[in-house]
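# Architecture and fold: a report
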Amino acid sequence: MRFKDHPAEQGEVTRIAPAVAYDGDLYHLPDWITRRGEERELGRAHAEGGHLDTLTLETGSVPRFHELEDERLAELSRIEDATEREIQQDRAAFESQKIKLAESQRHFAEARRTLDETQRRVTELEQPSRRPGDGRPSSIALSGSRWPSVRRWLPAALLLLLLVIVEVPILYQVILSWGDSVEMTALIATGAALIMLVAPHMYGRAFRTWQENGSPARGRWLLIAVALVWVGLIVAVAVLRRDALVKPLVVDGQNIGPTAEGVSQLPTMILLLALLVATALIAADLGRRMHNPNDRRLRELRAKRDHEQRAFVEAQSEYQRDAGFAESIGQHLQAADRRRASRVRQVDNGFESLATAYLGGVVEGLGDPEAASWAERILVRRRAARSRT
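Looking up the protein chain in an unreviewed UniProt entry gives the name DUF4129 domain-containing protein, with the organism given as Nonomuraea roseola.

As a further point, take the packing of aromatic side chains. Within the structure shown, the criterion is met by four aromatic pairs. Geometrically, the ring pair formed by tyrosine 22 and phenylalanine 325 is edge-to-face, given 6.0 Å between the ring centres and 75° between the ring planes. Residue tyrosine 22 is found in the loop between β2 (13-14) and α1 (32-48), and its partner phenylalanine 325 is found in helix α9 (residues 293-334); the two are separated by 303 residues along the sequence. What makes phenylalanine 325 partly exposed here is its relative accessible area of 25%. One aromatic cluster in this structure is built from Phe108, Phe312 and Tyr319.

Another aspect to go through is the nonpolar core. Generally speaking, soluble globular proteins have nonpolar side chains that are buried together. Leu57, Val62, Phe65 and Leu359 are the most contacted members of the largest nonpolar core, which totals 24 residues. When near neighbours in sequence (up to four residues on either side) are disregarded, phenylalanine 65 contacts Ala355, Tyr358, Leu359, Ile378 and Arg382. With nine residues, the next largest nonpolar core counts Ala111, Phe312, Tyr319 and Ala326 among its residues.

Checked against the element boundaries, alanine 82 lands in helix α3 (residues 63-125). Given the relative accessible area of 2%, alanine 82 is considered buried. Between the alpha carbons of alanine 82 and histidine 28 there is a distance of 9.4 Å; along the sequence they are 54 residues apart. Look past the residues within four positions of alanine 82 in its chain and what remains in contact with it is Leu26 and Tyr27.

Moving on, we come to helix α10 (residues 336-366). Compared with the 45 Å implied by 1.5 Å per residue over 31 residues, the 45 Å span of α10 between its first and last C-alpha is a close match. Downstream of α10 by a residue or two, glycine 367 has a phi angle that is positive, lying close to 65°.

Where α3 contacts α10, the axes come no closer than 10 Å and their chain directions differ by 160°. It follows that α3 is roughly antiparallel to α10 by the angle criterion. The chirality of how α3 crosses α10 is right-handed. Residues that form the contact of α3 with α10 fall into these classes: 13 nonpolar, one polar and 12 charged.

About the cut-offs
Residues numbered from 1 in each chain as written. Predicted model: local features only at pLDDT ≥ 70, side-chain atom pairs only at ≥ 80, totals over all residues. Heavy atoms only, no water. Phe/Tyr/Trp six-rings, centres within 6.5 Å; stacked < 30°, edge-to-face > 60°. Helix = DSSP H or I, 4+ residues; strand = E, 2+ residues; numbered from the N terminus. Buried < 20%, exposed > 50% of the residue type's maximum accessible area, 1.4 Å probe, protein only. Core = buried A, V, L, I, M, F, W, Y, C linked by side-chain atoms within 4.5 Å. Contact = heavy atoms within 4.5 Å. Expected span 1.5 Å × (residues − 1). Axes fitted to C-alpha atoms, helices over the stretch in contact; angles between N-to-C directions. Parallel < 35°, antiparallel > 145°, perpendicular 65-115°, else oblique. Left-handed = near helix turned anticlockwise from the far one by under 90°. Nonpolar A, V, L, I, M, F, W, Y, C, P; charged D, E, K, R; others polar.

As structure tokens, then:
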């Protein structure tokens with residue numbers, strides 16, 4: 001995987017600093033400020049206690065310097081030991097992180113491959129359907145706007161509503177002739193009208209599914225059989241309605257004549273059949289046009305793509321973190337020699353400052369200007385010796 005320092009495009013990974021940089025330091029420098037204060041106090045105490053005087057400074061011999069040199073050598077030994085242990089520790093950590101990085105890289109590659117495949121399928125499917133059976137979703141599923149389809153379905157829906165308005169009174173008259181309360185008659189008539197609408201609507205949905213996905217021969221024969229049964233039911237219902245409408249209606253024991261008085265049976269039968277057939281066909285056609293199974297397929301694919309997009313972002317972030325941390329370990333390992341040299345230099349300078357602080361305390365304790373002069377000469381000789389080494 002290629003890393004970039006500038007903002008990444010889709011599918012690329014940028015090198016980012018890890019949230020927590022690798023810290024493999026096993027050695028920490030002494031607190032020089034505190035030590036210098038202690039050395040100054042020690043030098044003052046030695047001068048005031050008679051351990052050092054101006055004559056001793058003239059000889060250039062300062063016993064404390066030997067002790068500080070022993071401490072410096074011990075500190076340098078600690079630096080070497082700690083640096084070697086850091087190198088071993090860094091190598092082990094780097095190998096472990098490389099394994100983790102390879103795993104996160106594999107997850108990232110799989111997430112990207114899965115997302116690309118799903119996105120390709122979504123792109124292929126995001127074409128509006130032009131005819132039933134072309135495997136494309138509706139414009140509603142693509143745009144989320146229902147207005148174009150509403151304009152296409154509205155005339156048929158209004159016509160269906162008009163037919164229902166006509167259907168309910170006819171059913172009411174038919175069922176009323178069978179007796180019982182007016183409220184029960186209205187409830188049964190309304191329920192029957194809804195059933196006669198819902199059934200063709202569901203048939204239209206099943207028919208559209210067959211158009212889009214196909215079906216075995218048994219499924220096609222089943223659709224044909226259901227259609228034939230429904231035609232038979234329509235004829236039976238039309239006959240019952242005709243008989244109910246042309247039969248004299250008796251209400252509260254009084255014969256008030258047939259509902260279709262003055263109209264012969266044949267026109268009544270034709271009218272009822274046309275009404276039932278038109279209602280069923282419009283309901284079925286609305287179900288066929290409104291129910292496109294590819295809409296659900298598109299919604300599921302889009303939801304799958306969004307889920308995979310989130311998983312891809314998480315895998316990418318994890319890969320970035322692991323890569324950044326591996327790089328941090330590698331930098332710490334590569335800087336071992338520079339770190340050792342820097343520590344040695346700081347230790348040398350630190351112990352030199354301790355020697356200077358000690359002599360400063362001695363001069364303060366002696367209170368002798370000549371002692372200050374000899375102390376300055378001692379420091380000059382030490383600096384010259386250090387520069388030669």
